[in-house]
Amino acid sequence: MIGKDDDQEGFILRLLVVFLYLGLLILMTCTASVTALIHNLEIKFIMTEDPDFLSFFEYRFNYTERYYIVQKFGHFVSFFLLAAMLMVFFTSFRCTMAVSLTAAFFTEFAQLFFSRTGCLVDMIYDLLGAGTFLILHLIWSVLDSHWSQIQYNRSGGSLKRYFFS
């Protein structure tokens, strides 16, 4: 959110980037074929009036196919990037994870209405991507804080290193 050193334009720009990225995720979620979208720039929506909700819990993929690996890696990377953008916007682990969880569920569930195969396994890949970013961010934050503390101690500060005290 808006911090002490933040201005209104910076806040609006970050918010715009997050919404544009969410729009891209929704477009990729609802188009009939992501492959056709990527290779031919073909956007086509096919609505399903009576989706099979139980198919959300089915696992129908052959994990040995190359396409499967690329597709699941795409889920992982998409939500890794989403979490990174959300962390810049919210600066809160809880908010970032909550929005990532909501987006993961929504994108997979929405596919059932657009003749796509939304499934729980894909939602797990989405959350693994977001969770990986959050874990790396936490590690980076702890190391950065630790390094700052060491630098402070070397400069004659009176605080002890909290990792070694």
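Above: the structure in question.
The model shown is predicted, which means the values in this text are computed figures rather than measured ones.

**Q** I'm lost on helix α3 (residues 66–90) in this one. Help?
**A** An α-helical turn contains 3.6 residues, so any two residues separated by three or four positions project in the same direction. Taking 1.5 Å as the rise per residue, α3 with 25 residues should run 36 Å; its terminal C-alpha atoms sit 36 Å apart, in good agreement. Three or more residues of α3 are buried, namely Y68, K72, H75, S78, F79, L82, A83, L86, M87, F89 and F90.

**Q** When you look at the packing of aromatic side chains in this model, what are you seeing that I'm missing?
**A** Aromatic ring pairs are reported here in terms of the distance separating the ring centres and the angle at which the planes meet. If you walk through the whole model with that rule in mind, you get twelve aromatic pairs. Between F56 and F57, the aromatic rings sit 5.3 Å apart at their centres with planes inclined by 90°, giving edge-to-face as the arrangement. Between the aromatic rings of F56 and F109, the centroid separation amounts to 6.5 Å while the plane-to-plane angle is 70°, which identifies the pairing as edge-to-face. With F56 in the loop between α2 (34–40) and α3 and F109 in helix α4 (residues 93–111), this residue pair connects regions lying 53 residues apart in the sequence. Using a relative accessible area of 5% as the deciding quantity, one classes F56 as buried. Aromatic ring contacts, followed pair by pair, group F53, F56, F57, F105, F109 and F113 into a single cluster.

**Q** Before we go on, may I ask you to explain the side chain of S55 in this structure?
**A** Secondary-structure assignment places S55 in the loop between α2 and α3. Taking the relative accessible area as the measure of exposure, S55 reaches 6% and is therefore buried. Of note is the side chain of S55, whose polar atom sits 2.6 Å from the backbone oxygen of D52. Apart from the residues lying within four places of it in its own chain, the contact partners of S55 are R60, L112, G118 and C119.

Procedures and definitions
- Residues numbered from 1 in each chain as written.
- Predicted model: local features only at pLDDT ≥ 70, side-chain atom pairs only at ≥ 80, totals over all residues.
- Heavy atoms only, no water.
- Helix = DSSP H or I, 4+ residues; strand = E, 2+ residues; numbered from the N terminus.
- Expected span 1.5 Å × (residues − 1).
- Buried < 20%, exposed > 50% of the residue type's maximum accessible area, 1.4 Å probe, protein only.
- Phe/Tyr/Trp six-rings, centres within 6.5 Å; stacked < 30°, edge-to-face > 60°.
- Polar contact = N/O pair within 3.5 Å; in protein donor to acceptor, adjacent residues only side chain to side chain.
- Contact = heavy atoms within 4.5 Å.

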